[in-house]
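Observations on chain architecture
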Amino acid sequence: MAATKKILMLPGDGIGPEVMTEVRRVADWLSDKRGLGFEIEEALVGGAAIDAEGAPVSDATVAKAMAADAVLLGAVGGEKWDSLPFAQKPERGLLRLRKDMELFANLRPALVFDPLVEASSLKPELVSGLDIMIVRELTGGIYFGDPRGIEDMPDGQRRGINTQVYTTSEIRRVAAVAFELARKRSNRVCSVEKSNVMESGVLWREEVTKLHGEQYSDVELSHMYADNCAMQLVRRPKQFDVIVTDNLFGDILSDEAAMMTGSLGMLPSASLGGADASGRRKALYEPVHGSAPDITGQGIANPLATLLSFAMMLRYSFDLGAEAGMVEQAAQNVLARGLRTADIAQEGTTRVSTQEMGRALLEELHHSVV
Ligand code: IPM
Ligand code: MG
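Residues numbered from 1 in each chain as written. Chains lettered and ligands numbered in written order. Predicted model: local features only at pLDDT ≥ 70, side-chain atom pairs only at ≥ 80, totals over all residues. Heavy atoms only, no water.

Right, let's talk about the nonpolar core for a bit. Core analysis: the biggest nonpolar cluster contains 70 residues, and Leu107, Val135, Phe179, Val189, Tyr285, Phe310 and Leu314 have the highest contact counts within it. The leading source of residues in this core is helix α6 (residues 168-183), at nine residues. Residues from two domains meet in this core; each of domain 1 (1-108 + 265-370) and domain 2 (131-260) gives at least three. If sequence neighbours within four positions are ignored, Tyr285 has contacts with Ala70, Val71, Leu72, Leu73, Ser269, Ala270, Leu272, Ser309, Met312, Met313, Tyr316 and Ser317. One finds Ile134, Cys190, Met224 and Phe240 within the second-largest nonpolar core, a separate group that totals 20 residues. (Core = buried A, V, L, I, M, F, W, Y, C linked by side-chain atoms within 4.5 Å. Buried < 20%, exposed > 50% of the residue type's maximum accessible area, 1.4 Å probe, protein only. Helix = DSSP H or I, 4+ residues; strand = E, 2+ residues; numbered from the N terminus. Domains from an automatic or database assignment. Contact = heavy atoms within 4.5 Å.)

As structure tokens, this is what we get:
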């Protein structure tokens, strides 16, 4: 019997609980059929936590997340909480988890599944076979820099302030993750910043270059300004292998890369912390998409991004590459069968609900073990 693996599921808001229900089914099934020994607990985050517990994430839930072997999060946010003061918004729950767990490396793969080539907003020949990994710095930069706030000025105007700030170690640790990943892929890293206008970008470029020279000179390193990268991503996306960039640019570029895969509903992500003495990393997995209030409650959300996030958990947190592959293959197979949730529906395919998609995935998994 495998050692117990503690998973904390945080469904959150909007479509979060809908997609998580389907992923939970897959997780329970796998745990049972493959003897993986998952111990799954659920807790609240985001608006759901604000309503029930008075904060976007409670101290108790943060403690559970710290103690878990891995966390799977659905989505946070919604109109109901939009007018709350900044520090109390649902998004702060997610940001606190990232910060408290020190999840500095956010891995966002943009992978185009063959059956979905036509669903991309780009021409098929540009995206067919696309496989990019965006490594986004997640606990620093302008998201967390001080000073921040909105202040009154003597002349009656107001001033909004945020600070972009990075230290040597913050840059080096995330760059190291990118270089390590590249070695297992096509061995190329493109580091992205705005060193033409920002000092933090100059430092970013210098530190990445230095680390590369010291430890990773076998990896091909290039540099690009963030605006050019945004352009190159839609011009010739297959030129990229691993992109490493800061928190804000990574937020933006990963949404852009997501659209190439056909839908935000397809993109998973992993947020990893530093390795402890035993090599174990704190980790939180979540889809790149948000809570999608426009389709909440209709049962049409795409569960694949959360499912593929769960597959990343199997691979990165539990070293269960075979099982991760099974889950990814099941996703491929249902797409190849022509099953599509609304976001990726095309002519000639069968439109299915969130639940039907979940059921089809379980069928595929079932076939793969018998
Ligand atoms: C993301 C999201 C978050 C971010 C929001 C929900 C705080 O857009 O994970 O990309 O900006 O980091
Ligand atoms: Mg984002």
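Our focus in this paragraph is the site of ligand 1. As a matter of local geometry, ligand 1 sits amid Glu91, Arg98, Arg108, Arg136, Tyr143 and Asp251. Between ligand 1 and Arg108 there is a distance of 2.8 Å, counted from an oxygen atom to a side-chain nitrogen or oxygen. The contact in question runs from an oxygen atom of ligand 1 to an N or O atom on the side chain of Arg136, over 2.8 Å. When ligand 1 is considered free in solution it has 320 Å² of accessible area, and contact with the protein chains removes 76% of it. The class makeup of the residues in the shell around ligand 1 is one nonpolar, no polar and five charged. Built from parts of two domains, the shell around ligand 1 gets at least three residues from each of domain 1 (1-108 + 265-370) and domain 2 (131-260). (Near = heavy atom within 4 Å. Polar contact = N/O pair within 3.5 Å; in protein donor to acceptor, adjacent residues only side chain to side chain. Areas by Shrake-Rupley, 256 points an atom, 1.4 Å probe, with all protein chains shown as cover. Nonpolar A, V, L, I, M, F, W, Y, C, P; charged D, E, K, R; others polar.)

Between helix α3 (residues 59-67) and helix α4 (residues 90-100), whose axes approach to 11 Å, the crossing angle comes to 45°. Compared by their axis directions, α3 and α4 come out oblique. Viewed along their axes, α3 and α4 form a crossing whose handedness is right-handed. Two secondary-structure elements touch here, α3 through Asp59, Val62, Ala65 and Met66 and α4 through Arg96, Leu97 and Asp100. (Axes fitted to C-alpha atoms, helices over the stretch in contact; angles between N-to-C directions. Parallel < 35°, antiparallel > 145°, perpendicular 65-115°, else oblique. Left-handed = near helix turned anticlockwise from the far one by under 90°.)

Turning our attention to the pattern of salt bridges. Applying the stated rule across the entire model yields 23 salt bridges. The salt bridge partner of Asp100 is Arg96, with a shortest N-O separation of 2.9 Å. Taken together, the positions of Asp100 and Arg96, both in helix α4 and four residues apart, correspond to about one turn of that helix. Here Arg185 and Asp131 are joined by a salt bridge, their closest N and O atoms 3.3 Å apart. With a gap of 54 residues between them, Arg185 in the loop between α6 and β8 (188-193) and Asp131 in strand β5 (residues 131-137) connect regions that are remote in the sequence. In this structure Arg185 comes out as partly exposed when scored by relative accessible area, which is 26%. Among the ionic contacts, a cluster of salt bridges with common partners joins Arg24, Asp28 and Glu42. (Salt bridge = Lys/Arg side-chain N within 4 Å of Asp/Glu carboxyl O.)

Here we take up the sheet that holds β8. Strands sit in the order β2-β1-β3-β12-β11-β4-β5-β10-β8-β9 across an open sheet of ten strands; the sheet is mixed. Two strands in the sheet have a free side with no partner beyond their single neighbour: β2 (38-42) and β9 (220-225). Strand-to-strand, the axes of this sheet are offset by a mean angle of 20°, without reference to chain direction. Here β8 pairs with strand β10 (residues 242-245) via four bridges, running parallel. Considered in β10, the bridge of Val192 is made with Thr245. α4 rests against β1 (5-12), β3 (70-75), β4 (105-111), β5 and β12 (281-287) of the sheet, and its axis sits at about 155° to β12. Sitting on the sheet, helix α8 (residues 226-235) is in contact with β5, β8, β9 and β10, with an inclination near 105° to β9. (Pairing = 2+ DSSP bridges.)

Attention shifts here to the environment of Glu53. The residue Glu53 is located in helix α2 (residues 47-53) in this model. Using a relative accessible area of 39% as the deciding quantity, one classes Glu53 as partly exposed. Setting aside anything within four residues of it in sequence, one finds Glu53 in contact with Leu44, Ser58 and Thr61.

Our next topic: the packing of aromatic side chains. Evaluation of the coordinates by the stated rule reveals four aromatic pairs. Considering the side-chain rings of Tyr166 and Trp204, the 5.3 Å spacing of their centres and the 75° angle between planes classify their relative orientation as edge-to-face. Placement of Tyr166 in the loop between β7 (158-163) and α6 and of Trp204 in helix α7 (residues 199-215) is noted, with a sequence separation of 38 residues between them. Take Tyr166 and Trp204: they sit in the same class, and that class is buried. Through pairs of rings, three or more aromatic residues link up here, namely Phe38, Phe310 and Phe318. Sitting above the plane of the Phe144 ring, Lys99 keeps its charged end 4.7 Å from the centroid. (Phe/Tyr/Trp six-rings, centres within 6.5 Å; stacked < 30°, edge-to-face > 60°. Lys NZ or Arg CZ within 6 Å of the ring centre and 35° of its normal.)

Next up on the list: α4. Within the span of α4, buried status applies to Pro90, Gly93, Leu94, Leu95, Leu97 and Arg98. At the exit of α4 stands Glu102, carrying a positive phi of roughly 55°.

The next point concerns the side chain of Glu137. By secondary structure assignment, the location of Glu137 is in strand β5. Notably, Glu137 is buried but unbridged: the nearest opposite-charge side chain belongs to Arg173, and the N-O separation is 4.6 Å. Only 2.8 Å separates the side chain of Glu137 from the backbone nitrogen of Gly140, close enough to count as a polar contact. Here the side chain of Glu137 touches Tyr166 through a polar contact of 2.8 Å, side chain to side chain. Excluding its chain neighbours within four sequence positions, the residues that come into contact with Glu137 are Phe104, Tyr166, Glu170, Val174, Trp204, Thr245, Asp246 and Asn247. (Lys, Arg positive; Asp, Glu negative; His and termini not counted.)

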